[in-house]
Amino acid sequence: MNGAKKVAVLKGGPSLERQVSLRSGAHAQEALVRLGHEVVALDVGPELVPELRARQPDAAFIALHGRDGEDGTVQALMEAIGIPYTGSGPAACARCTDKVLAKYLMREAGVPTLEFHFLREESIRHLGAAAAVADIEARLGFPLVVKPASQGSALGVKFARSSEELPGAMVGAFSYDGNIPIERYAKGRDLAVSVLDGAADGAAASAPPGREGGAARGAPFALPVVEAVPREEAFYDYESRYQIGMTTFACPAELDAHTAARAQELALEVYGLLGCHGVARVDLMLGPDGGELWVLETNVVPGLTETSLLPQAADAAGIGFDELIARVLASAWTR
Ligand SMILES: Nc1ncnc2c1ncn2[C@@H]1O[C@H](COP(=O)(O)OP(=O)(O)O)[C@@H](O)[C@H]1O
Ligand SMILES: [Mg+2]
């Protein structure tokens, strides 16, 4: 095949989302092989940089979820060692991974996001922040949602229905991260809109190894809206999200045209606001009255497993899995 590359697929690693990442990586690898590329599969660990140096790939395909792989650490490392890599750069990764920072940026830009306050664990010890919790309760009302600022896959997301439940929820979220947003609860529907950069001018696939900015980046566009519908009454948690059958997906989501277009418009706005590149998935909630939309968060390395939302959305747009992977790979050369 023309433009065949040696592609290192970075997956696994020590993050709490290791298992999902291994599945995303394996799935991407199969597509890369079908596309004619040479794949070097790397389970990320202390030997990552020496391994990359030894194998000299043309690009790194980042299939890491969670810490290091999604927060800009690995991206910065790829820049340090001069390996083109897929997806967003270090700053965008940092902005998206930190839900508190992302929410402040969205609030400043006028993007609807659920009302929240930010608490840091240390400020409870050092600044008497515990005394502010009652003010937060009064301002936001119950139920409240507490989550670690930087986790994915609903890990550590806790709900509190009363003052009695809040400390426990906070301790739970703090066990993942010293920073937590305390957010107003929205009863509603769980939507996700993935955004892809438009096809590059075709030069991306044949850009010479190591050449950066070799191809023009196409304008980003939003894929059809996906709705995740938990089968059980219970909250859409880590297990239900990843075990086949516990969550059903509607893609495209059953929405009126105006709401679907608005969700896509918001996702594109956030993608630009946070400086994403190549691909991202924006999670939103749709209020019970069917009108109001709020952006929850942006994922810079969306899942690529068989049940993940991005591949389903791409498929609904007529973009098969291999084409999706080809487009994400191309983002390594359009920075
Ligand atoms: N404020 C909220 N109100 C209601 N449900 C929420 C709220 N925040 C999160 N959730 C639920 O928790 C899930 C995970 O939250 P999210 O902010 O997307 O974090 P992550 O996916 O990174 O764990 C959401 O998809 C949604 O179902
Ligand atoms: Mg989410």
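Calculation rules
- Numbers given for residues are sequential positions, taken from 1 along each chain in its written order.
- The order in which chains are written sets their letters, starting at A; the order in which ligands are written sets their numbers, starting at 1.
- The model is predicted, so local features are restricted to residues of pLDDT at least 70 and side-chain atom pairs to those at 80 or more, both for listing and for counting; the totals for chains, interfaces and linings are taken over all residues.
- By convention in this description, side-chain values take in all heavy atoms of the structure and omit both hydrogens and water.
- A run of H or I in DSSP counts as a helix once it spans at least four residues, and a run of E counts as a strand once it spans at least two, with each numbered from the N terminus.
- Radius of gyration here uses only the C-alpha atoms, and the compact-globule reference equals 2.2 Å multiplied by the residue count raised to the power 0.38.
- Between buried and exposed lies partly exposed: a residue is buried under 20% and exposed over 50% of the maximum accessible area for its type, with that area taken using a 1.4 Å probe on protein chains only.
- Here a residue-residue contact requires only that any non-hydrogen atoms of the pair lie within 4.5 Å.
- Calculation of accessible area relied on Shrake-Rupley with a 1.4 Å probe; when residues are assessed, cover is drawn exclusively from the protein chains displayed.
- Within this scheme the basic residues Lys and Arg register as positive and the acidic residues Asp and Glu register as negative, but His and the chain ends are omitted.
- By convention, the point assigned to a charge is CZ for Arg, NZ for Lys, CD for Glu and CG for Asp.
- Where helices are involved, their axes are fitted lines through C-alpha atoms of the stretch in contact, as for all axes, and angles between N-to-C directions lie from 0 to 180°.
- Orientation is classified from the angle alone, with under 35 degrees giving roughly parallel, over 145 giving roughly antiparallel, 65 to 115 giving roughly perpendicular, and any other angle giving oblique.
- In this count, Pro and Cys sit with the nonpolar residues alongside Ala, Val, Leu, Ile, Met, Phe, Trp and Tyr, while Asp, Glu, Lys and Arg are called charged and the others, Gly among them, polar.
- For the purposes of these results, a polar contact is taken to be a pair of N or O atoms within 3.5 Å, where, inside protein, one atom must be able to donate a hydrogen and its partner to accept one; residues adjacent in sequence count only when each atom of the pair is a side-chain atom.
- Atoms of type N, O and S within 2.8 Å of a metal are treated as its donors, and for Na, K and Ca the window is 3.2 Å; water is not considered, so some sites may appear to be missing partners.
- Pairs were defined over the aromatic rings of Phe, Tyr and Trp, the Trp ring being its six-membered one, requiring ring centres within 6.5 Å. Orientation was assigned from the angle between planes: stacked under 30 degrees, edge-to-face over 60, tilted for the rest.
- Counted as over-ring charges are cases with an Arg CZ or a Lys NZ within 6 Å of the ring centre that also lie within 35 degrees of the ring normal.
- For each residue, the test is whether any non-hydrogen atom lies within 4 Å of the molecule or strand; if one does, the residue is near.
- Strand pairing is assigned whenever DSSP identifies at least 2 bridges connecting the two strands.
- What makes a nonpolar core is a set of buried Ala, Val, Leu, Ile, Met, Phe, Trp, Tyr and Cys residues whose side-chain atoms join them at distances within 4.5 Å.

Engineer: I'd like a rundown of the overall build of the protein chain, residues and numbers included.
Structural biologist: Within the protein chain, the secondary structure is distributed over 12 helices and 13 strands. Relative to its length of 335 residues, the protein chain is compact, with a C-alpha radius of gyration of 20 Å against a globular reference of 20 Å. Principal-axis analysis of the C-alpha atoms gives the protein chain an extent of 60 × 45 × 35 Å. Across the 335 residues of the protein chain, 52% fall into the buried class. Sequence separation of at least 24 residues holds for 70% of the intrachain contacts in the protein chain that already meet a minimum separation of 6. Total accessible area computed for the protein chain in this model is approximately 14,200 Å², and 52% of it derives from carbon and sulfur atoms. The centroid of the 30 positive side-chain charges in the protein chain is displaced by 3 Å from the centroid of its 43 negative side-chain charges.

Engineer: Talk me through the packing of helix α4 (residues 90–97) against helix α5 (residues 99–109); I want residue IDs and the actual numbers.
Structural biologist: α5 packs onto α4 with a crossing angle of 95° between their chain directions and a minimal axis gap of 5 Å. In terms of orientation, α4 lies roughly perpendicular with respect to α5. When α4 is examined against α5, the residues Ala94, Arg95, Cys96 and Thr97 are found in contact with a partner set consisting of Lys99, Leu101, Ala102 and Leu105. Split by residue class, the contact of α4 with α5 holds 5 nonpolar, 1 polar and 2 charged.

Engineer: Summarise the side chain of aspartate 197; cite the residues concerned and give the values.
Structural biologist: Tracing the sequence through the fold places aspartate 197 in strand β8 (residues 189–198). A distance of 2.7 Å separates polar atoms of two side chains, one belonging to aspartate 197 and the other to tyrosine 271. Only 2.8 Å separates the side chain of aspartate 197 from the backbone nitrogen of glycine 278, close enough to count as a polar contact.

Engineer: So what's going on with the coordination of the magnesium ion (ligand 2)? Which residues, and what values?
Structural biologist: All of the protein donors around the magnesium ion (ligand 2) are Asp283 (OD) and Glu297 (OE); their distances to the metal are 1.9 to 2.1 Å. Within this pair, whereas aspartate 283 is found in strand β12 (residues 279–286), its partner glutamate 297 is found in strand β13 (residues 293–299), the two being separated by 14 residues in sequence.

Engineer: Let's hear about the packing of aromatic side chains: which residues, and what values?
Structural biologist: Here the structure, examined in full by the defined rule, presents 2 aromatic pairs. Lying across the ring of tryptophan 333, lysine 5 places its NZ or CZ 5.4 Å from the centre. Above the plane of the ring of tyrosine 85 lies arginine 335, whose end atom (NZ or CZ) is 3.9 Å from the centre.

Engineer: Can you break down the site of ligand 1 residue by residue, with the values?
Structural biologist: Taken together, 20 residues sit near ligand 1, with Lys99, Lys147, Ala154, Glu183 and Asp190 positioned nearest. Glutamate 183 has a polar side-chain atom sitting 2.7 Å from a nitrogen atom of ligand 1. The separation between an oxygen atom of ligand 1 and a polar side-chain atom of glutamate 297 is 2.9 Å. For ligand 1, whose free accessible area comes to 540 Å², the fraction covered by protein is 97%. Elements supplying a minimum of two residues to the shell around ligand 1: β7 (179–184) and β13. Taken together, the residues of the shell around ligand 1 break down into 9 nonpolar, 3 polar and 8 charged.

Engineer: Could you give an account of the environment of aspartate 190, with specific residues and numbers?
Structural biologist: Here aspartate 190 shows up in strand β8. When its relative accessible area of 23% is taken as the criterion, aspartate 190 is described as partly exposed. Taking C-alpha positions, aspartate 190 is 5.0 Å from methionine 285, a pair spaced 95 residues apart along the chain.

Engineer: Which residues make up the environment of leucine 329, and what values do they have?
Structural biologist: Mapped onto the secondary structure, leucine 329 falls in helix α12 (residues 321–330). Residue leucine 329 is classed as buried on the basis of its relative accessible area, which comes to 4%. Excluding its chain neighbours within four sequence positions, the residues that come into contact with leucine 329 are Val7, Leu32, His37, Ala59, Phe61 and Thr86.

Engineer: Break down the sheet that holds strand β3 (residues 59–62) for me, with residues and values.
Structural biologist: Read across the sheet, 3 strands follow the order β2-β1-β3 without closing on themselves; strand pairing throughout is parallel. Strands with a single pairing partner mark the edges of an open sheet, and in this sheet they are β2 (38–43) and β3. The sheet shows a mean angle of 30° between the axes of neighbouring strands, direction not considered.

Engineer: Talk me through the nonpolar core; I want residue IDs and the actual numbers.
Structural biologist: Counting residues in hydrophobic clusters, the biggest one holds 42 residues, and the most contacted among them are Leu10, Leu52, Met78, Leu191, Val225 and Val295. No other element matches the 6 residues that helix α10 (residues 257–273) contributes to this core. In this structure, Ala31, Ala59, Leu223 and Ala332 belong to the second largest nonpolar core, which totals 27 residues.

Engineer: Give me the lowdown on the sheet that holds strand β4 (residues 116–120), citing residues and values where you can.
Structural biologist: The strand order across the open sheet formed by 4 strands is β4-β7-β5-β6, and the pairing between neighbours is antiparallel. Each edge of the open sheet carries a strand with a single partner, namely β4 and β6 (158–160). Averaged over all adjacent pairs, the angle separating strand axes in this sheet is 25°, with direction ignored. Two elements, strand β5 (residues 144–146) and β7, share 3 bridges in a ladder whose sense is antiparallel.

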